[in-house]
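Each chain, letter by letter, is given below.
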Amino acid sequence: QSALTQPASVSGSPGQSITISCTGTSGDVGGLSYVSWYQQHPGKAPKLIIYDVSTRPSGVSIRFSGSKSGNTASLTISGLQAEDEADYYCSSYTSSTILDYVFGTGTKVSVL
Amino acid sequence: EVQLVQSGAEVKKAGESLKISCKGSGYIFANYWIGWVRQMPGKGLEWMGTIFPFDSDTKYRPSFEGQVTISADKSISTAYLQWSSLKVSDTATYYCARIHCSSTSCYLDNWGQGTLVTVSP
């Protein structure tokens, strides 16, 4: 199972909105609601920010939102802030009975 | 509060063995799958495999099968990742993560702080 495809980098100015895409196949991203997103600051562990395509865990800012169309999922960060500068990874899997996860290639978000 | 606490950084030589740990607290450890994720220096996240501590059912990504062993001891709420003979290419940070399954999907809701493994020639 190949990695999901993400842009290497996305940048924006404070207050702007940016969108990160995550492209897979009908066997992973395109399948039901298996997409999740993780934020990773330098030297830190990843943190779950979106699951079930568009659900935010408790405590995650409403500025983070997720969506999916066909085989492409998207993460939008609105009202970009300096603290949002981090790496972002999407993830999916083919079957809940196998739990064979695949991560995206990762996107570096820079706040200009 | 759910917590996964991993063992400390390791510096090893190629050919040596190693076992790192991930101790869970704040929830019923045996009832949740634990996954292991590799992150090589400056690279992205790679899924290695997972274990269900209740019965030690284990699943490996094919590229890691035979290269590492995932195990768990539910009596002490701890999962392990081990190597019998390290390679220089095993140099990476390794994360454990709890897999939470809702009615619609499964996701990695809590992560350990990571264990840096450095292997020299």
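In the block above lies the structure referred to throughout.
### Side note on the pattern of salt bridges
Tallying each qualifying case throughout the model produces 5 salt bridges over all chains. Notably, a salt bridge pairs Asp100(A) with Arg61(B), separated by 2.9 Å at the nearest N-O pair. A residue pair is termed interchain when its members come from two chains, as with Asp100(A) in the loop between strand S7 (86-93) and strand S8 (101-103) and Arg61(B) in the loop between strand S6 (57-60) and strand S7 (69-73). Each of the two residues, Asp100(A) as well as Arg61(B), counts as buried. A salt bridge links Arg98(B) to Asp109(B); its shortest N-O distance comes to 2.6 Å. Here Asp109(B) lies in strand S10 (residues 106-111) and Arg98(B) lies in strand S9 (residues 92-101), a separation of 11 residues in the sequence.

### Here we look at the nonpolar core
With 23 residues, the main nonpolar core has Ile20(B), Ile34(B), Trp36(B), Leu81(B), Trp83(B) and Tyr94(B) as its most contacted residues. Every element with two or more residues in this core is listed here: strand S3 (18-25), strand S4 (34-39), strand S5 (45-52), S7, strand S8 (78-83), S9 and strand S11 (115-120) of chain B. Those residues in contact with Trp83(B), other than ones at most four positions away along the chain, are Ser17(B), Leu18(B), Ile20(B), Gln67(B), Val68(B), Asp90(B) and Tyr94(B). Core analysis: the second largest hydrophobic core is formed by 22 residues, Trp37(A), Ile49(A), Leu75(A) and Val111(A) among them.

### So, the environment of Leu116(B)
Residue and element names in this part refer to chain B. Topologically, leucine 116 is positioned in strand S11. The partly exposed category is assigned to leucine 116, whose relative accessible area is 41%. When the C-alpha positions of leucine 116 and glycine 24 are compared, they lie 19 Å apart, and in sequence the two are 92 residues distant. Ignoring any residue separated from it by four or fewer positions in sequence, one finds leucine 116 in contact with Ala9, Glu10, Ala92 and Thr93.

What counts as what
- Residues numbered from 1 in each chain as written.
- Chains lettered and ligands numbered in written order.
- Predicted model: local features only at pLDDT ≥ 70, side-chain atom pairs only at ≥ 80, totals over all residues.
- Heavy atoms only, no water.
- Salt bridge = Lys/Arg side-chain N within 4 Å of Asp/Glu carboxyl O.
- Helix = DSSP H or I, 4+ residues; strand = E, 2+ residues; numbered from the N terminus.
- Buried < 20%, exposed > 50% of the residue type's maximum accessible area, 1.4 Å probe, protein only.
- Core = buried A, V, L, I, M, F, W, Y, C linked by side-chain atoms within 4.5 Å.
- Contact = heavy atoms within 4.5 Å.

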